[in-house]
Amino acid sequence: AQSVTQPDIHITVSEGASLELRCNYSYGATPYLFWYVQSPGQGLQLLLKYFSGDTLVQGIKGFEAEFKRSQSSFNLRKPSVHWSDAAEYFCAVGAAGAAGNKLTFGGGTRVLVKP
Amino acid sequence: EPEVTQTPSHQVTQMGQEVILRCVPISNHLYFYWYRQILGQKVEFLVSFYNNEISEKSEIFDDQFSVERPDGSNFTLKIRSTKLEDSAMYFCASSLRGAETQYFGPGTRLLVL
């Protein structure tokens with residue numbers, strides 16, 4: 001069974017500082033990996049995804065993530081955080097090649113940005 | 001840019017009542033999903049739907065739940081007899097193909113009293 005762990009429930013970061021959110025997954029085959037962001041009262045917006053190829057993927061809003069198969073990780077990074085990045089971030093894993101592609105989400109990391 | 005829409009945005013219902021949550025997926029997408037997020041908890045998969053039938057469902061998706069694509073544009077989730085524990089945010093999603101990015105709607109917040 002697939003699973004996702006986001007070890008950090010809350011992270012507080014100063015505006016302009018760098019941000020890294022951790023994600024570890026468990027899946028027996030090649031995973032599809034996603035990062036979604038949820039602003040308060042809003043739906044889930046896709047930040048970036050990894051299906052195959054280059055293990056460093058670029059997303060929207062200046063985010064990037066690196067897939068490390070040996071560590072079963074897909075950590076999200078941003079070099080310089082803006083106040084508008086305050087939100088909850090979800091890592092998710094899907095089954096590559098499977099019909100239906102159920103997504104399994106991590107518990108989320110809530111990011112607070114200090115001025 | 002095409003997007004998934006959901007109605008209503010909020011619904012309050014009495015325990016035991018039936019509710020229907022509606023979704024309009026992205027128009028050329030073929031796979032449809034429902035997820036839910038109980039307050040403070042993970043987003044959980046409920047069901048996936050393709051070619052007018054359920055392709056996968058979770059343990060949560062019991063006989064009280066059903067899904068339907070009544071026409072070429074809508075995708076609905078029905079809860080026949082709501083329980084207090086059904087209170088959650090329900091998200092609809094769609095994807096062009098099965099193993100592709102899922103695009104989520106803004107959600108329907110359901111409160112069962």
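Look up a bit, the structure's there.
Residues numbered from 1 in each chain as written. Chains lettered and ligands numbered in written order. Predicted model: local features only at pLDDT ≥ 70, side-chain atom pairs only at ≥ 80, totals over all residues. Heavy atoms only, no water.

Caption draft 1: Spatial organisation of the state of the cysteines. According to the stated counting rule, one finds two disulfides over all chains in the structure shown. One disulfide in the model links Cys 23 of chain A with Cys 91 of chain A; its S-S distance is 2.0 Å. Measuring the twist about the S-S bond at about -65°, one finds the Cys 23 of chain A-Cys 91 of chain A disulfide to be left-handed. Residue Cys 23 of chain A is found in the loop between strand E3 (19–21) and strand E4 (24–26), and its partner Cys 91 of chain A is found in strand E10 (residues 87–95); the two are separated by 68 residues along the sequence. Here Cys 23 of chain A falls in the buried class, since its relative accessible area comes to 0%. Between Cys 23 of chain B and Cys 92 of chain B runs a disulfide, and the two sulfur atoms are separated by 1.9 Å. (Disulfide = S-S within 2.5 Å. Helix = DSSP H or I, 4+ residues; strand = E, 2+ residues; numbered from the N terminus. Buried < 20%, exposed > 50% of the residue type's maximum accessible area, 1.4 Å probe, protein only.)

Caption draft 2: The arrangement of the interface of chain A and chain B in detail. Residue-level contacts link 22 residues of chain A with 19 residues of chain B. The interface formed by chain A and chain B includes one salt bridge. The tally of links from chain A across to chain B stands at four residue pairs in polar contact (both at pLDDT 80 or more). Only strand E5 (31–38), strand E6 (45–50), E10 and strand E11 (103–105) of chain A provide two or more residues apiece to the side of chain A that touches chain B. Of the residues belonging to the side of chain A that touches chain B, the class tally is twelve nonpolar, eight polar and two charged. (Contact = heavy atoms within 4.5 Å. Salt bridge = Lys/Arg side-chain N within 4 Å of Asp/Glu carboxyl O. Polar contact = N/O pair within 3.5 Å; in protein donor to acceptor, adjacent residues only side chain to side chain. Nonpolar A, V, L, I, M, F, W, Y, C, P; charged D, E, K, R; others polar.)

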